Amino acid sequence: MDSIDPNNHSSQRNTSHSLALYALIFGIVITGSRFHPKVQFVVRAIIGLLCTLFFSAYGSLIAIIFTFLGRRGEINWATARSFAYISAPLLGIRFKVEGEEYMNTRPAIFICNHQAAVDILVLGRIFPKFCSIVGKRSLKFVPLLGAYMQLGGAIFLDRGNHGDAVKTFAEAVSYIKERKVSVWIFPEGTRGHLKEADLLPFKKGAFHLAVQAGIPIVPIVVGNYSEIYDSKRQIFKGGEVHIKILPPISTEGIDQDDKEQIDELTNRTRKIMKESEVSNKRFIIPLFMILSSPNNRRQREISIKLYDKDFVILDWGIDELVKVAGL
């Protein structure tokens, strides 16, 4: 008869207790994240960071494989789409896309308003094939991400060095013409972190590049999502992000040496994007499901997605909700 090792039995029991404890802690954190904004922000920020690190490594692997297969123009597309389709649901983000057919314009300069970290998911959701991205030079040295961006043909700009930036743009023009590759640029140059739908002033680099390469500009407008994600206020709620791709803007007939024409193109494009009606919707737990004391009722404003309409509920119960929804 085999003897029972008490030490082994004790070790298995300790392992089971540890797993149960970890599961309990994980459950408490996930449950807490549903009701406490700060916990929710931290949990989703960690998930977002882990996804970014994983897909940076994944992108580097894809870059090696696709280069070997002669499909280098699809490296960024394959990585970006995989990142968005897997990461967005984990972070409670959904997308509504209009005008996606314009993403087939090639080659083109795609310009998009720049808000915050969720922009990387937006980019992933609609990123086209045969397209490179322009980023600040410092990204080149970020572990994993920098390696992937270099393999994917990213254009790095040193904004503090005018001579280097001009040289990089000249090389980019040749690259676009030779390979018919599109380029994605955030013309604001930095994250806006704006509370309302608006745009920062545009830098002219994207427009000079489009005119010199003789290709159209495709504007992309993303609805303000500061109520869905805001790192300063530590908000990371689930919600729907609205992306609107506008018709291409031709650069034919514009003199690359005429400053007034470049300025006019820049201002006209910014005006078109600013006047585009794009809004986002939040879907949060309805008011009647929130625990509140009858003796301590305070005004709560909650937007919910219901029958594809936005409703603002101010301390209404189920009867009022049913009435305003027309159910």
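Since we're looking at a predicted model, the values are computed, not measured.

### Remarks on helix 8 (residues 259-275)
- Relative to the 24 Å expected for 17 residues at 1.5 Å per residue, helix 8 spans 24 Å between its end C-alpha atoms, a close match to the ideal helical length.
- Among the structural elements, strand 2 (109-112), helix 7 (205-213) and strand 6 (217-222) are those in contact with the buried residues of helix 8.
- If you check the start of helix 8, you find a side-chain oxygen 3.0 Å away from the backbone N of E260, and it comes from D258.

### Observations concerning the environment of A108
- Within the secondary structure layout, A108 lies in the loop between strand 1 (93-98) and strand 2.
- Considering only alpha carbons, one finds A108 and K180, 72 residues apart in sequence, at a separation of 8.6 Å.
- Once residues within four sequence positions are removed from consideration, A108 is found in contact with S182, V183, I215, P216 and V218.

### Examining the packing of helix 3 (residues 75-90) against helix 4 (residues 119-126)
- One way to put it is that helix 3 packs onto helix 4 with a least axis distance of 7 Å and a crossing angle of 120°. Taken together, helix 3 and helix 4 sit at an angle that is classed as oblique. The crossing of helix 3 and helix 4 is left-handed. Of the residues in helix 4, those in contact with A80, R81, F83, A84, Y85, S87 and A88 of helix 3 are I120, L121, L123, G124, R125 and I126.
- Here the residues of the contact of helix 3 with helix 4 are counted per class, giving nine nonpolar, two polar and two charged.

### Quick notes on the pattern of salt bridges
- The final tally for this structure, using the stated rule, is seven salt bridges.
- One salt bridge in this structure joins K259 and D263, with 2.8 Å as the shortest N-O distance. Linking K259 with D263, this pair stays in helix 8, spanning four residues, or about one helical turn.
- With a relative accessible area of 60%, K259 lands in the exposed category.
- Connected via shared salt-bridge partners are K204, K259 and D263.

### Thoughts on the packing of aromatic side chains
- Summed over the entire model, instances satisfying the criterion amount to nine aromatic pairs.
- For the ring pair Y229 and F236, a centre distance of 4.9 Å and an interplane angle of 75° mean the geometry is edge-to-face.
- For Y229, a relative accessible area of 11% corresponds to the buried category.
- Among the residues examined, F236 registers a relative accessible area of 6% and is labelled buried.
- An aromatic cluster is built from F54, F55, Y58 and F83, whose rings are joined through pairwise contacts.
- The aromatic ring of W77 is capped on one face by K129, whose charged end is 4.5 Å from the ring centroid.

Parameters and conventions
- Residues numbered from 1 in each chain as written.
- Predicted model: local features only at pLDDT ≥ 70, side-chain atom pairs only at ≥ 80, totals over all residues.
- Heavy atoms only, no water.
- Helix = DSSP H or I, 4+ residues; strand = E, 2+ residues; numbered from the N terminus.
- Expected span 1.5 Å × (residues − 1).
- Contact = heavy atoms within 4.5 Å.
- Polar contact = N/O pair within 3.5 Å; in protein donor to acceptor, adjacent residues only side chain to side chain.
- Axes fitted to C-alpha atoms, helices over the stretch in contact; angles between N-to-C directions.
- Parallel < 35°, antiparallel > 145°, perpendicular 65-115°, else oblique.
- Left-handed = near helix turned anticlockwise from the far one by under 90°.
- Nonpolar A, V, L, I, M, F, W, Y, C, P; charged D, E, K, R; others polar.
- Salt bridge = Lys/Arg side-chain N within 4 Å of Asp/Glu carboxyl O.
- Buried < 20%, exposed > 50% of the residue type's maximum accessible area, 1.4 Å probe, protein only.
- Phe/Tyr/Trp six-rings, centres within 6.5 Å; stacked < 30°, edge-to-face > 60°.
- Lys NZ or Arg CZ within 6 Å of the ring centre and 35° of its normal.

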